[in-house]
Amino acid sequence: MRRRVLIGNWKMHKPAREARAYVNEFLPLIQHISNVDIILAPPFTSLHVVKEAIKDTTIGLASQNMHWNPHGAFTGEISPAMLCDSGCQAAIIGHSERRQLSHEDDNKVNRKVKAAIAHHLTAIMCVGETQKDRDAGKTSDVLSHQLIEGLSGIDTIDTTQLILAYEPIWAIGSGTPATPTQANRVHAELRKLLGTLFPASTTESIRIIYGGSITAENIQPLLAMPHIDGGLVGGACLNPQNFATIVDTADN
Ligand code: PGA
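Computed from a predicted structure; not experimentally measured. (Residues numbered from 1 in each chain as written. Predicted model: local features only at pLDDT ≥ 70, side-chain atom pairs only at ≥ 80, totals over all residues. Heavy atoms only, no water.)

A closer look at empty space enclosed by the protein
Under the convention used in this document: In this analysis, the protein atoms alone were mapped onto a 1 Å grid. Cavities are point sets where a 1.4 Å probe fits without being able to get out; pockets are open sets with protein on both sides within 12 Å along at least five of seven lines; lining residues have an atom within 4 Å of a point. Grid points are joined across faces, edges and corners, and a volume is the space filled by probe spheres set on the points. A run of H or I in DSSP becomes a helix once it reaches four residues, and a run of E becomes a strand once it reaches two; helices and strands are each numbered from the N terminus.
Counted under the stated rule, the structure contains one cavity of 30 Å³ or more. Empty space within the largest cavity amounts to approximately 30 Å³. The wall of the largest cavity is formed by Gly94, His95, Ser96, Arg99, Cys126, Val127, Gly128, Gln146, Glu167 and Ile169. Put simply, the parts of the chain that give the lining of the largest cavity at least two residues each are helix 4 (96-101) and strand 5 (122-127).

Given below as structure tokens:
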């Protein structure tokens, strides 16, 4: 049985003061949660504040990106070691906004995933197709390419090292999530693909989460699907009450 995980991706929201206020409001609301892993992914500049605010809890901390090099002349970049130093246990890698806006290709995603694993950070690797891919019937091809390339050269992996996030680009921020059946079908395909790379026991234990317009109202039927092990939540996580409701639904 895979343990559910809910990740709140704050994107470019919440400077330090707001981040602290968010966690202070969020913590009492999720105190009873016992069956779900919760991870917050604030912007870099709020990592320290959130790290302090969650230090006596089981909430995990993730970055929204990272560079693969340990250090060097990479202006504006943040290394895996810096993230560990800032209290992160995980890093979101290959989010479609980075793939599209910052030209992050599968090769870079692969380097980042490997570097995350080498630094004992859980790689939250995102894959997803555009509306155009979908209309052209290319969803499976695009996803399998992203998955195989993103994990290329990685021979062994375990459940602490990778969370796979299926985030159809057409669903992100659109208000229209994939239907539970659609998402479940894709997750099943992704799990089958993982099975071509890793042993069955690994494949069965890796969590595949869905992201794209999740709300407190639509999360339940998504999570009822056998291959959906949690969610990567953007807009709906920005309000602590909303995110707590989502987490609470997942806990039941
Ligand atoms: P959304 O974003 O929930 O606002 O659609 C999800 C994501 O981009 O991770």
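A few points about the pairing of strand 2 (residues 36-41)
This is how it is decided: Burial classification: accessible surface area is computed with a 1.4 Å probe over protein chains only, and a residue below 20% of its type maximum counts as buried, one above 50% as exposed, and the rest as partly exposed. At least two bridges found by DSSP between two strands is the condition for calling them paired. A right-handed crossover is one whose linking path, passing over the helix from the first strand to the second, runs clockwise when the strands point away from the viewer.
Burial of strand 2 is extensive: five of the six residues sit out of reach of the surface. Judged from the six bridges that link them, strand 1 (residues 4-9) and strand 2 form a sheet pairing that is parallel. Bridged to Gly8 within strand 2 is Leu40. Taking the sense of rotation as the criterion, the β-α-β connection linking strand 1, helix 1 (residues 16-29) and strand 2 turns out right-handed. One ladder, built from two bridges, connects strand 2 with strand 3 (residues 60-63); its direction is parallel. Counterpart to Ile39 in the pairing with strand 3 is Gly60. For the segment spanning strand 2, helix 2 (residues 47-53) and strand 3, crossover handedness is right-handed.

Some points on the side chain of Thr203
The test is simple: Residue contacts are counted whenever heavy atoms from the two residues lie within 4.5 Å of one another.
Tracing the chain through its elements places Thr203 in helix 9 (residues 200-205). Residues in contact with Thr203, not counting those within four places in the same chain, are Arg191, Leu194, Gly195 and Phe198.

Quick word on the site of the ligand
Our working rule: Whether a residue is near a molecule or strand depends on its heavy atoms: it is near if one of them lies within 4 Å of it. Polar contact is defined as a pair of N or O atoms within 3.5 Å, subject to the rule that within protein one atom must be able to donate a hydrogen and the other to accept it, and that residues adjacent in sequence are counted only when both atoms are side-chain atoms. Here the nonpolar group is Ala, Val, Leu, Ile, Met, Phe, Trp, Tyr, Cys and Pro; Asp, Glu, Lys and Arg are the charged ones; every other residue, Gly included, is treated as polar.
The ligand sits among Asn9, Lys11, His95, Glu167, Ile172, Gly173, Gly212, Ser213, Leu232, Val233, Gly234 and Gly235. Take His95: an N or O atom from its side chain is 2.7 Å from an oxygen atom of the ligand. At a separation of 2.8 Å, an oxygen atom of the ligand approaches a polar backbone atom of Gly234. Its residues placed into classes, the shell around the ligand shows three nonpolar, seven polar and two charged.

All we've got here are geometric facts, nothing functional implied.
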